[in-house]
Amino acid sequence: MNKFNGKHLMFFIWATSIVSIKTYPSLYISLGKRDSWIAMAFAGICLFIFAYIIFSICEKHNTYNIHEIYLKVLGGFWGKFFLSLFALTIIFTLIECSSIEANAMHVNILPFTPSWFFVLFFALPAIYTITRGTHSIGIVTIVSITLIIISGTILAILTQKYKHLGLILPILSNGVTLNLLLSAIRSLSMFGGFALCLPLLDNFQHGKSLKIYVIVALLFAIQMEVFSSAGIVCTFAEKKAASLFYPKLIQTQLVNYFQFIESGELHVLLQVIGGWFIKYVIAFLSLITLLKNLNFYNKKMIYIVSILVVLASCILSSNTYLLFKALSLYTYIELANFIIIPFIIYTIFHFKSSKKT
């Protein structure tokens, strides 16, 4: 993996930061209503600032190893403790990936197929991909994300005629409300998957160009999510959009041109299945990297974690209401361990290292 560079990192960022918001946006639309796209834009700005500061600190001090940074700031015990919390949040992310993919397929596409079947069909290929090594994960990520972006572009064109701009007007009719701020916070937490790349940074070729590629990747991802959020509200109106578990899957069912082209579901299926699969294997790779740094890894760990994830996913994916309650809680855990705590620790590391020099 040390042959990967900033261009490859762009695909890792897209794979980890986009799919959550695309798949279940009702979590933040239910709070932001018709102005949820504004909340998404604000969350995107916050993510951009977070990433820019993190990479600037890493570049300035030529340190990209999250394990080294945590231990320098917090010491041995507390450093390992907070890294363990980071690793635990990654495990929750693995459960998110597996559960959402299975539940979305069961609810929208194949209702007579039990969700546990999708969980197994998801986990077994993932184990095979992970055991093939980091270069295999990189190749699968680049190919899959390229196809997903092309598919998403086609889908945006196909659904354009079903969007009505008037449904997001008037803008900020109630001003900046508490719910709008909470929507922005939840949107930022759903962007938190970006932090899955942090444990992997030490394995990429470093240089000034690395930060430039991160900036480009984030700008692309943020604008995509803002337009996607606005597009959902423009299609269904705020109340309907907030009540749908997976509005993108419903939106694609509207596609009908010339009584012939009705392939919207195929495009979104590629995004849902492919997107969650890639995020899953990258999250697993990030977990393995952390566990190796903590001296808590052996070859059996892949199978032990996979079994735990499968069991939890089977329970959650079988009940949509339970799943979304768990997701509501997970977003705040993600915000704390993927955004807030790393930001504080990296900032302290910067000031401590600057004083020494």
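Parameters and conventions
- Residues numbered from 1 in each chain as written.
- Predicted model: local features only at pLDDT ≥ 70, side-chain atom pairs only at ≥ 80, totals over all residues.
- Heavy atoms only, no water.
- Patch = residues over 30% accessible without salt bridge, like charges linked within 9 Å, V, L, I, M, F, W, Y side chains within 5 Å.
- Areas by Shrake-Rupley, 256 points an atom, 1.4 Å probe, with all protein chains shown as cover.
- Salt bridge = Lys/Arg side-chain N within 4 Å of Asp/Glu carboxyl O.
- Helix = DSSP H or I, 4+ residues; strand = E, 2+ residues; numbered from the N terminus.
- Buried < 20%, exposed > 50% of the residue type's maximum accessible area, 1.4 Å probe, protein only.
- Axes fitted to C-alpha atoms, helices over the stretch in contact; angles between N-to-C directions.
- Parallel < 35°, antiparallel > 145°, perpendicular 65-115°, else oblique.
- Left-handed = near helix turned anticlockwise from the far one by under 90°.
- Contact = heavy atoms within 4.5 Å.
- 1 Å grid on protein atoms, 1.4 Å probe; cavity = no way out; pocket = protein on both sides within 12 Å on 5 of 7 lines; lining within 4 Å.
- Points joined across faces, edges and corners; volume = space filled by probe spheres on them.
- Nonpolar A, V, L, I, M, F, W, Y, C, P; charged D, E, K, R; others polar.
- Expected span 1.5 Å × (residues − 1).
- Phe/Tyr/Trp six-rings, centres within 6.5 Å; stacked < 30°, edge-to-face > 60°.
- pLDDT = per-residue confidence, 0-100.
- Disulfide = S-S within 2.5 Å.
- Core = buried A, V, L, I, M, F, W, Y, C linked by side-chain atoms within 4.5 Å.

J.: Can you walk me through a nonpolar patch on the surface in this structure?
T.: On the surface, a nonpolar cluster with roughly 510 Å² of combined accessible area is contributed by I139, V143, L147, I150, I154 and L270. Within the secondary structure, I150 sits in helix α7 (residues 134-158).

J.: Explain the pattern of salt bridges to me, please; I cannot follow it from the model alone.
T.: When charged atoms on two side chains of opposite charge get close, those side chains can pair. Applying the stated criterion to the full structure yields four salt bridges. The partner of E59 in a salt bridge is K211, with the nearest N and O atoms 3.9 Å apart. With E59 in helix α4 (residues 36-61) and K211 in helix α9 (residues 208-236), the pair connects residues that are 152 residues apart, well separated along the chain. The exposure class of E59 is partly exposed, given its relative accessible area of 26%. Salt-bridge contacts for K72 lead to E68; the nearest nitrogen and oxygen are separated by 3.2 Å.

J.: Sorry if this is basic, but what is going on with the packing of helix α5 (residues 66-108) against helix α13 (residues 301-317) here?
T.: Any two packed helices are characterised by the angle at which their axes cross and by the distance between the axes. Two numbers describe how α5 lies on α13: the axes approach to 8 Å, and their chain directions differ by 45 degrees. One finds that α5 runs oblique with respect to α13. Of the two elements, α5 crosses α13, and the hand of that crossing is right-handed. Contact residues: I91, L94, I95, S98, S99, A102 and N103 in α5; V305, V309, A312, S313, L316 and S317 in α13.

J.: Got a minute to help me understand the layout of surface pockets in this structure?
T.: Rolled over the atoms, a probe sized like a water molecule indicates the empty space that remains. Of the voids in this model, the largest pocket is the one considered here, and its volume is about 760 Å³. For the largest pocket, the lining is made up of 37 residues, of which K22, A156, M224, S228 and K248 are closest to its centre. At the level of elements, α1 (6-17), α2 (19-23), α7, α9, α11 (247-252) and α12 (264-293) are the ones that each hand at least two residues to the lining of the largest pocket. If you tally residues by element for the lining of the largest pocket, the top one is α9, at nine residues. Of the residues assigned to the lining of the largest pocket, the class counts are 22 nonpolar, twelve polar and three charged.

J.: What am I meant to see in α4 here?
T.: Because each turn of an α-helix spans 3.6 residues, side chains separated by three or four positions in sequence point in the same direction. Spanning 26 residues, α4 covers 38 Å between terminal C-alpha atoms, matching the ideal 38 Å at 1.5 Å per step. Looking at the residues trailing α4, positive phi occurs at N62, about 50 degrees.

J.: Would you take a moment to explain the packing of α4 against α9 for this structure?
T.: Two elements in contact, α4 and α9, have axes separated by 9 Å at closest approach and are oriented at 170 degrees. As the angle between them shows, α4 and α9 are arranged roughly antiparallel.

J.: Can you help me understand the packing of aromatic side chains in this one?
T.: Tallied over the entire structure, the rule returns 22 aromatic pairs. Each ring, one from F50 and one from F343, has its centre 6.3 Å from the other, and the planes form 45 degrees; the classification is tilted. Pair noted here: F50 is in helix α4 and F343 is in helix α14 (residues 320-356), with a separation of 293 residues, a long-range link. The exposure class of F50 is buried, given its relative accessible area of 4%. Assessed through its relative accessible area of 32%, F343 is described here as partly exposed. Pairwise contacts between aromatic rings join Y24, F245, Y246, W276, Y321 and F324 into one cluster.

J.: Is there a simple way to explain empty space enclosed by the protein in this structure?
T.: Applying the stated rule across the entire model yields one cavity of 30 Å³ or more. Counted as a void, the largest cavity has a volume near 30 Å³. Lining the largest cavity are F48, A51, Y52, K211, V214, I215 and L218. Within the residue set of the lining of the largest cavity, elements represented by two or more residues are α4 and α9. If you tally residues by element for the lining of the largest cavity, the top one is α9, at four residues. When the residues that make up the lining of the largest cavity are grouped by side-chain class, the tally is six nonpolar, no polar and one charged.

J.: Just checking my understanding: could you explain the confidence of the model for the protein for this structure?
T.: If pLDDT is low for a region, its predicted coordinates should not be looked at in detail. Counting all residues, the mean pLDDT for the protein is 88, and 96% of those residues have values of 70 or more. Considering each helix and strand of the protein separately, the mean pLDDT is smallest for α11, with a value of 82, and largest for α13, with 94.

J.: Would you explain the state of the cysteines in this entry?
T.: Each disulfide is one covalent bond, formed between the sulfur atoms of two cysteines. All chains considered together, the criterion is met by zero disulfides. Counting only cysteine sulfurs, C97 is the nearest neighbor of C314, a cysteine outside any disulfide, at a range of 15 Å. You can call C314 partly exposed: its relative accessible area is 23%.

J.: Would you mind showing me how to read the nonpolar core here?
T.: Soluble, globular proteins show a tendency: their nonpolar side chains are buried together. Counting 104 residues, the largest nonpolar core has L9, F194 and Y280 as the members making the most contacts within it. Ranked by residues supplied to this core, first place goes to α12 with 15 residues. Apart from the residues lying within four places of it in its own chain, the contact partners of F194 are I13, T16, S17, L47, F50, A51, F55, V214 and L218. Counting residues in hydrophobic clusters, the runner-up holds seven residues, among them A102, A123, L269 and V310.

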